[in-house]
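Secondary and tertiary structure notes
As a plain string of letters, each chain reads:
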Amino acid sequence: MDEETKTSAPMASIDELSRACTEYVRRAVGIELDGTPDTLPILDHYLSNLGEADRTDEILGLVVLAAGAYFGEVVRRTLGHGRWHLEEGDPTGHRLELEHVFLFFNPMGMAREAIAGAEQPGWMAHLEVL
């Protein structure tokens, strides 16, 4: 994704992005994501099967944010006591921090790596602990 794509769209809320992900998956595979960990393989299937027409910078930018928000919210709700830190205009700086154990990661970066099938430098798509 180029710099222009990262900064051109106004920032949506995590809830809006998560709902968008649910809609993208429903349209593509006909299954409704319900916010539980059991739906993460469905999300992974959707991401790994994006067609070439869906891999433009603009569409990837939307899908990465939406899928990352959905994934992060599943983690946050399942493990509890987490909070989002969002960098306006720079999704590479987004992160979800859990409170019971110092752990953070960028769910959007993980979504981007799932789509690309490869590491995406600078996206913090790995788990960080103290």
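For clarity, every value in this text was computed on a predicted model and none was experimentally measured.

Tallied over the entire structure, the rule returns seven salt bridges. Ionic pairing is found between Arg83 and Glu97, a salt bridge with its closest N-O pair at 3.3 Å. With Arg83 in strand β1 (residues 82–85) and Glu97 in strand β2 (residues 95–98), the pair connects residues that are 14 residues apart, well separated along the chain. Among the salt bridges present, the one from Arg83 reaches Glu99, with a minimum N-O distance of 3.0 Å.

In a packed pair of helices, the relevant descriptors are the angle between the two axes and the axis-to-axis distance. Where helix α2 (residues 14–29) contacts helix α3 (residues 40–48), the two axes come as close as 10 Å, and the packing angle between them is 70°. Considering the angle they form, α2 stands roughly perpendicular to α3. Counting all contacts with α2, which are made through Cys21, Tyr24, Val25, Ala28 and Val29, the residues of α3 involved are Ile42, Leu43, His45 and Tyr46. When the residues that make up the contact of α2 with α3 are grouped by side-chain class, the tally is eight nonpolar, one polar and no charged.

The next thing to look at is helix α5 (residues 107–116). Every α-helical turn comprises 3.6 residues, leaving residues that sit three or four positions apart pointing alike. When α5 is considered as a whole, its buried residues turn out to be Pro107, Met108, Gly109, Ala111, Arg112 and Ile115. Where the residues of α5 are buried, they touch α2, α3, α4 (57–79), β1, β2 and β3 (103–105). Following α5 by one or two positions, Gly117 has its phi on the positive side, about 70°.

Further remarks concern the pairing of β1. Burial along β1 is one-sided: the face carrying Gly82 and Trp84 is buried and the face carrying Arg83 and His85 is not. One ladder, built from four bridges, connects β1 with β2; its direction is antiparallel. Along β2, the bridge assignment pairs His85 with Arg95.

The next thing to look at is α3. Among the residues of α3, Leu43, Tyr46 and Leu47 are the ones counted as buried. Angularly, the buried residues of α3 cover 95° about the axis, an arc narrow enough to put them on a single face. Against the buried residues of α3 lie α2, α4 and α5.

All right, on to the environment of Ala125 then. Assignment of secondary structure puts Ala125 in the loop between α5 and β4 (128–129). With twelve residues separating them in the primary sequence, Ala125 and Glu113 have C-alpha atoms 7.4 Å apart. The contacts of Ala125, once residues within four sequence positions are left out, are Asn106, Gly109, Met110 and Glu113.

On to the packing of α3 against α4, then. Relative orientation of the contacting elements α3 and α4 amounts to 165°, with a least axis distance of 11 Å. Relative to α4, the element α3 lies roughly antiparallel. The interaxial crossing formed by α3 with α4 has left-handed handedness. The residues of α4 that touch α3, namely those facing Leu40, Leu43, Tyr46 and Leu47, are Val63, Ala67, Tyr70, Phe71 and Val74. Grouping the amino acids of the contact of α3 with α4 by side-chain chemistry returns nine nonpolar, no polar and no charged.

Conventions used here
Residues numbered from 1 in each chain as written. Predicted model: local features only at pLDDT ≥ 70, side-chain atom pairs only at ≥ 80, totals over all residues. Heavy atoms only, no water. Salt bridge = Lys/Arg side-chain N within 4 Å of Asp/Glu carboxyl O. Helix = DSSP H or I, 4+ residues; strand = E, 2+ residues; numbered from the N terminus. Axes fitted to C-alpha atoms, helices over the stretch in contact; angles between N-to-C directions. Parallel < 35°, antiparallel > 145°, perpendicular 65-115°, else oblique. Contact = heavy atoms within 4.5 Å. Nonpolar A, V, L, I, M, F, W, Y, C, P; charged D, E, K, R; others polar. Buried < 20%, exposed > 50% of the residue type's maximum accessible area, 1.4 Å probe, protein only. Pairing = 2+ DSSP bridges. Arc of directions from axis to C-beta. Left-handed = near helix turned anticlockwise from the far one by under 90°.

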